[in-house]
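Overview (structure and organization)
Read off the chains here:
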Amino acid sequence: MRKLDLYNRFKQEQYKTDIEALRWRIWAVKADNEQDRDDYNKIAERDENEAMGIFKAQNAILPDYKGKLNEQTVNLLEKYLDKKDEYHTLLEVAK
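Read on for an overview of the structure. (Residues numbered from 1 in each chain as written. Predicted model: local features only at pLDDT ≥ 70, side-chain atom pairs only at ≥ 80, totals over all residues. Heavy atoms only, no water.)

In this section: the overall build of the protein chain. Broken down by element type, the protein chain carries three helices and zero strands. Going from N to C terminus, the protein chain has its helices and strands arranged as α-α-α. Scored against the burial criterion, the 95 residues of the protein chain give a buried share of 29%. Within the protein chain, contacts between residues separated by at least 24 positions form 80% of all contacts whose residues are at least 6 apart in sequence. Total accessible area computed for the protein chain in this model is approximately 6600 Å², and 50% of it derives from carbon and sulfur atoms. Once the 18 positive and 20 negative side-chain charges of the protein chain are each reduced to a mean point, those two points are 6 Å apart. (Helix = DSSP H or I, 4+ residues; strand = E, 2+ residues; numbered from the N terminus. Buried < 20%, exposed > 50% of the residue type's maximum accessible area, 1.4 Å probe, protein only. Contact = heavy atoms within 4.5 Å. Areas by Shrake-Rupley, 256 points an atom, 1.4 Å probe, with all protein chains shown as cover. Lys, Arg positive; Asp, Glu negative; His and termini not counted. Charge placed at Lys NZ, Arg CZ, Asp CG, Glu CD.)

Put into structure tokens, the structure is as follows:
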């Protein structure tokens, strides 16, 4: 496997996990009770830690490597950024 392919695989897994964490954060904001909010936030934290682990593994295996993102990775990045915007919008509305 080439470095570029490996880099894109790492990034895809990282973005997928980050998207999942944001989904749980969004559910936490929308939750009707504190117990559900706490549960959703715990799951989100777990996913965020997993994404950070993927990022650290990528940096350990491919230190200082900055490859070009392929189309599939770019699509996941855009989906991640959209989810992040949705989450921040919900936080603003919830204030």
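There is more to say, and it comes next.
For the rest of this paragraph, the subject is the pattern of salt bridges. This structure, assessed with the given rule, holds six salt bridges. Of the charged contacts, one joins Arg 23 and Glu 20 as a salt bridge, the two residues approaching to 2.9 Å between their closest N and O atoms. Here the residue Arg 23 and the residue Glu 20 both occupy positions in helix H1 (residues 3-30), the gap between them amounting to three residues, near one helical turn. (Salt bridge = Lys/Arg side-chain N within 4 Å of Asp/Glu carboxyl O.)

Moving on to unusual backbone geometry. With a phi angle near 60°, Asp 64 is a residue other than glycine that sits in the positive phi range. The residue Asp 64 is located in the loop between helix H2 (34-61) and helix H3 (71-94) in this model. Relative accessible area serves as the criterion here: at 77%, Asp 64 is assigned to the exposed category.

This part takes up the packing of aromatic side chains. Inspection of every chain in the model, using the stated rule, returns four aromatic pairs. Measuring from ring centre to ring centre gives 6.1 Å for Tyr 15 and Tyr 80, while their planes differ by 20°; the resulting arrangement is stacked. Within this pair, whereas Tyr 15 is found in helix H1, its partner Tyr 80 is found in helix H3, the two being separated by 65 residues in sequence. The exposure class of Tyr 80 is buried, given its relative accessible area of 17%. (Phe/Tyr/Trp six-rings, centres within 6.5 Å; stacked < 30°, edge-to-face > 60°.)

Quick look at the side chain of Thr 73 now. Along the chain, Thr 73 turns up in helix H3. Here the side chain of Thr 73 touches Asn 8 through a polar contact of 2.8 Å, side chain to side chain. Not counting chain neighbours up to four residues away, the residues in contact with Thr 73 comprise Asn 8, Lys 11, Gln 12 and Tyr 15. (Polar contact = N/O pair within 3.5 Å; in protein donor to acceptor, adjacent residues only side chain to side chain.)

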